[in-house]
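# Survey of secondary and tertiary structure
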Amino acid sequence: MNDVSTVAQWRRVCPLSEIPRLGARVVRTAHGNVAVFRNDTDEVFALRDHCPHKGGPLSQGIVFGRHVACPLHNWTIRLEDGKAVAPDEGCAATFPVKVEAGEVYLQI
Amino acid sequence: MKKMKLVMVGNGMAGARALEELLKIAPDLYDITVFGAEPHANYNRILLSPVLAGEMTLQDIMLNDEDWYRDNGIKLHLGKKIVRIDRVARKVVAADGTEERYDRLLLSTGSNPFILPVPGKELDGVITYRDIADTEAMIVASGKFRHAVVIGGGLLGLEAANGLRLRGMEVTVVHLMPWLMERQLDKTAADMLQKSLEKKGLRFLLQKETAEIVGRDGRVAAVRFKDGQEIAADLLVMAVGIRPNTDLAQSAGLYCNRGIVVNDTMQTFDPVIYAVGECVAHRGIVYGLVAPLFEMAKVCANHLAQFGIGRYEGSVTSTKLKVTGIDVFSAGNFGGGPDTEEIVLHDSVGGIYKKLLIRDNRIIGSVMYGDTVDGAWFFQLMRDGQSVAEIRDHLMFGQAHLGNAGHQGQNKAAAMSDIMEVCGCNGVAKGSITRAIKEKGLFTLDDVRKHTKASSSCGSCTGLVEQILASTVGGAYTPQATVTKPMCGCTELTHEEVRKAIRAQKLLSIPRVIDALEWHTPNGCASCRPALNFYLIAAWPHQAEDDPQSRFINERAHANIQKDGTYSVVPRMFGGVTTAGELRRIADVVDKYKIPTVKVTGGQRIDLLGVRKEDLPRVWGELDMPSGHAYAKALRTVKTCVGSEWCRFGVQDSTQMGIDLEKAFWKMYAPHKVKMAVSGCPRNCAESGIKDVGVIGVDSGWEIYIGGNGGIKTEVAQFLVKVKTKEEVLEYAGAFIQLYREEARYLDRTVHYIQRVGMDYIRKQLMEDPANRKALYERLIFALQDEKDPWVERIKGSAAHEFEELSI
Ligand SMILES: Cc1cc2nc3c(=O)[nH]c(=O)nc-3n(C[C@H](O)[C@H](O)[C@H](O)COP(=O)(O)OP(=O)(O)OC[C@H]3O[C@@H](n4cnc5c(N)ncnc54)[C@H](O)[C@@H]3O)c2cc1C
Ligand code: SF4
Ligand code: FES
């Protein structure tokens, strides 16, 4: 039998339309805040809302291409894998995220 | 689709840089093949001197090793010299028969050292100074022999001589001209240089012409001069100049004169063949320093990537001698002429000499010896063609004397130890900077900023960082171009060009700009988007589309983000005046939302710190006060003193004037924050002298000052005009601010803008042309008409998603 509590589940977050293009929403979870981003081609990404530099809230940054610039000191973080763009080093945790029938789901 | 084939001949500094730039912007466009005649991958040629001097190793100076080529899928042929280009079959042929076809060919064959046509030049022990092999030969010789002669007292010759001396040889430098480095230094500086080098043990023979190299058993033994004198030599280094390596191009029928002739896009007369580096002649000029070659590389890469925007228009260069402990700097024209003026500072005992040449209030050249801290700054002023009329009297004392509260230039980079802090904002020590420069092969301030963070925050250490850069990589360091620099990596266009296009083509949204001006990126970056957003709104008020996602979080959330992710709220108090009712509401809000800190700011307002984002709309609602824009690039405060209403000295009602100014201009977005102040008399209690616009009441009216700044670099505001009435104060202040809004680069404060265009220009716009002044003022008033208070909008529910968190 599966131990249900350890299996990550897909959870509905909100309709895609409620995340602004080139913007993000903050999702409060049991594991801390998660930033869910949407870029201009409607790709979605989810990262822990915590910059690897000094913990800035990435959800508040400017989104471009597949990147977000941290609002505190402007590090650039890649949305796909949470890695800071060279020459900076560091990484924000990522979470699986998908869009189905216009709804955003997060696995956590 | 099959990739195009790019072949590069010559694997030196310029060529490899072009490839780096190309891979950055178009990594997948070409299959690349590289031929290099040397057996080494790409190394930093200019650091051969520190290697010779024993200060670095060959390992230290590699820029791109063989792995780099492999990782980027580049086929690398080392030790293979190309001997023929077949332009019909579009292929190159190497000496060993290797062939490669090309769709685009890039020539970067550098130059060859010039060899004096004197008898004996073929003898063993007669060498030039150009590559690793030469350097190794010199190192070996220094272990075996005693007498070295270097012919040529230029940059290269002196560095060779210094290196050989440090390796224990007796070195004599022979120079044809009456003083050393005559192309870069005047006699005074050269004499000082010669003295210091003599102290290091070098000997000099000036105005000597070599007649013959005397050999014994096939090896050099002595040098004989035209005047009959002869000196012993077991090693003879010729450093008498270089000649662009054009043989290959010429044999392929490409047009060459002094070098391979190229146009502004780095194309030769055969448009599929490009050339960059020391081998080219651009507009008749051949460059022998790295900085211009890198600019060429960038333009060339841009064209190879098929963006086709950048143009190379020539460079102004500077020189710095890389001999440890000796500071020499020179740039531009130092000879002067009838229409130039000189400013000279000469302290022969202290070993300091500085000369600036000025024409029409602009620096056209400089020579410095002993204290070169401000070299980078002078060079910058010169390249930008910036007017120095207003700073002329303290120009010589350097940037540190321009009212700088930071620590720029106060320490001489050379005198600093490795553990001393250079960048206070980011805690970067000198050692980390020099290490990064050497290990990562950095040449520009931008690179150093990216890799070390030094000078990337407040910028007050910029001069110092440039100084460290210059002394580490010599004349190769590339000062930041402030005039022609593109906005950011997404475009080749400058701020000015973008602003012009927005106006001329009536572009009304960011996607339109990105499309029309062919940005390299789909939606810009965090640096260009906020600028574009502002430029659009400033050019087309009420018409352009404001994009909240292109504003920094402060302006998106209309509150200032703090280090812990909470926000601060500063309600507006016009002219610094408040009421008991407002204070009571503030107190209630503080209690209700458990706001941890309440502070009176430097701009005489009340700051509520530590507000949670989701509380913001309610906090604003209950405060029921207008937005203070303390978060925005906009008009912040108008500071006032109590003025004639209460003060016994006051001659004007400064408080009311402050209120009037603030009511007229609040809600105004600008390239950066704008601060104003009004004082009731020249005692100036409101500190109007360090504001973007400062107004001081005098008996007969008001004096207006502009361009002050109390920030990182304290700048005293400059007098603009004295007027009589309140209406005039509003008009002049408004017209100036509008000029700044229309012409400044995003994130320039008024002082930076004024420095760039010159105070004369501002006066012309505002004083000599009243119609223009009125028009400017009216454009500002039009832009501000019906502008909404963002807090009121948010209280009503606009952009609610911005403030609500989701939960799952
Ligand atoms: C000791 C020394 C110190 C210097 N110090 C400074 C300094 O402080 N500041 C500064 O700005 N500049 C300095 N310079 C000058 C600077 O190094 C040059 O301007 C720069 O390296 C030129 O770059 P390039 O790519 O045009 O040529 P190079 O770097 O010379 O590269 C050309 C390459 O092409 C190869 N090649 C030529 N023909 C062929 C062919 N037919 N087939 C295959 N390969 C070929 C050559 O072997 C060479 O490796 C210094 C130079 C030297 C030698
Ligand atoms: S500036 Fe003059 S008027 Fe204003 S408070 Fe000071 S002394 Fe009084
Ligand atoms: S906290 Fe993100 S850049 Fe500093």
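Our structure is the block above this text.
Residues numbered from 1 in each chain as written. Chains lettered and ligands numbered in written order. Predicted model: local features only at pLDDT ≥ 70, side-chain atom pairs only at ≥ 80, totals over all residues. Heavy atoms only, no water.

## Focus: the interface of chain A and chain B
Much of the literature gives interface size as the accessible area that the parts lose upon coming together. To keep it simple, the criterion reads: Should any heavy atoms of two residues lie within 4.5 Å, those residues are counted as being in contact. Using a 1.4 Å probe, buried area is obtained as the accessible area two parts lose upon being combined, added over both of them. One speaks of a salt bridge when a side-chain nitrogen belonging to Lys or Arg is within 4 Å of a carboxyl oxygen belonging to Asp or Glu. For the purposes of this entry, the term helix denotes a DSSP run of H or I that reaches at least four residues, the term strand denotes a run of E that reaches at least two, and both are numbered from the N terminus. Asp, Glu, Lys and Arg are counted as charged, while Ala, Val, Leu, Ile, Met, Phe, Trp, Tyr, Cys and Pro are counted as nonpolar; the rest, among them Gly, fall into the polar class. Pairing between strands requires that DSSP locate at least two bridges from one strand to the other.
With 33 residues of chain A at the interface, the matching set in chain B holds 29 residues. Taken together, both faces of the contact between chain A and chain B bury some 2400 Å²; the carbon and sulfur share is 58%. The interface formed by chain A and chain B holds three salt bridges in total. Ionic pairing is found between B:Glu805 and A:Arg28, a salt bridge with its closest N-O pair at 2.5 Å. Per-element tally for the side of chain A that touches chain B: the top contributor is strand 2 (residues 23-29) of chain A, with six residues. Partitioning the side of chain A that touches chain B into residue classes produces 17 nonpolar, eight polar and eight charged. Pairing of strand 2 of chain A with strand 39 (residues 806-807) of chain B involves two bridges; the strand directions are parallel. Looking across to strand 39 of chain B, one finds that A:Arg28 is bridged to B:Ser807.

## Details of empty space enclosed by the protein
Residues and elements named next belong to chain B. Rules: The method works on a 1 Å grid over the protein atoms by themselves. A cavity is a set of points holding a 1.4 Å probe that cannot get out, a pocket is an open set with protein on both sides within 12 Å along at least five of seven lines, and residues with an atom within 4 Å of a point line them. Grid points are joined across faces, edges and corners, and a volume is the space filled by probe spheres set on the points.
Summed over the entire model, instances satisfying the criterion amount to seven cavities of 30 Å³ or more. Quantified by volume, the largest cavity comes out at close to 80 Å³. Every residue along the wall of the largest cavity is listed here: Pro530, Asn533, Phe534, Ile537, Ser550, Arg551, Phe552, Glu555, Lys633, Tyr669, Ala670 and Tyr746. Counting residues per element, the lining of the largest cavity draws most heavily on helix 16 (residues 528-539), which supplies four residues. A breakdown of the residues in the lining of the largest cavity according to their chemical character gives seven nonpolar, two polar and three charged.

## So, the site of ligand 2
What counts, and what does not: A single heavy atom is enough: if one lies within 4 Å of a molecule or strand, its residue is considered near that molecule or strand.
All residues in the neighbourhood of ligand 2 are listed as B:Cys641, B:Gly643, B:Cys647, B:Phe649, B:Gly650, B:Ser679, B:Gly680, B:Cys681, B:Arg683, B:Asn684 and B:Cys685. Taken together, the residues that form the shell around ligand 2 break down as five nonpolar, five polar and one charged.

## Describing the packing of aromatic side chains
Residue and element names in this part refer to chain B. Filter applied, for reference: Within 6.5 Å between ring centres, the rings of Phe, Tyr and Trp (the latter by its six-membered ring) count as paired, and their orientation is classed by plane angle as stacked under 30 degrees, edge-to-face over 60, tilted in between. Accessible area is worked out with a 1.4 Å probe on protein chains only. A residue is then buried under 20% of its type maximum, exposed over 50%, and partly exposed in between. The criterion for a charge sitting over a ring is simple: Lys NZ or Arg CZ within 6 Å of the ring centre, and within 35 degrees of the ring normal.
All told, the structure shown has 12 aromatic pairs over all chains when counted by the stated rule. For the ring pair phenylalanine 294 and phenylalanine 443, a centre distance of 4.8 Å and an interplane angle of 75 degrees mean the geometry is edge-to-face. One end of the pair, phenylalanine 294, is in helix 8 (residues 290-304); the other, phenylalanine 443, is in the loop between helix 11 (430-440) and helix 12 (445-452), with 149 residues separating them in the sequence. Phenylalanine 443 shares its class with phenylalanine 294; the two are buried. Between tryptophan 620 and phenylalanine 803, the ring centres sit 5.7 Å apart and the planes meet at 85 degrees, which makes this aromatic pair edge-to-face. Of this pair, tryptophan 620 sits in helix 19 (residues 616-623) while phenylalanine 803 is found in the loop between helix 26 (790-795) and strand 39, placing the two residues 183 residues apart along the sequence. Overall, the relative accessible area of 4% leaves phenylalanine 803 in the buried class. Grouped by ring-pair contacts, the aromatic residues Phe534, Tyr535 and Tyr746 constitute a single cluster. For the cation-ring pair, lysine 663 lies above phenylalanine 574, with the distance from its terminal atom to the ring centre recorded as 4.9 Å. Over the aromatic face of phenylalanine 649 sits the side chain of arginine 683, whose NZ or CZ is 3.5 Å from the ring centroid.

## Description of helix 18 (residues 580-592) of chain B
Residues and elements named next belong to chain B. So the rule is basically this: The length a helix should cover is 1.5 Å for every residue beyond the first. For this quantity, the arc is that covered by the directions from the helix axis to the C-beta atoms.
If you check helix 18, its first and last C-alpha atoms are 18 Å apart, about what 13 residues at 1.5 Å a residue would give, namely 18 Å. Every buried residue belonging to helix 18 is among Glu582, Ile586, Val589 and Val590, and all of these are buried. End-on, the buried residues of helix 18 take up no more than an arc of 100 degrees, which puts them together on one face. Across from the buried face of helix 18, at angles greater than 90 degrees, the exposed residues are Arg584, Asp591 and Lys592. Looking at the buried residues of helix 18, the elements they touch are strand 32 (597-600), strand 33 (606-611) and helix 19. After helix 18 finishes, the residue lysine 594 shows a positive phi value of roughly 45 degrees.

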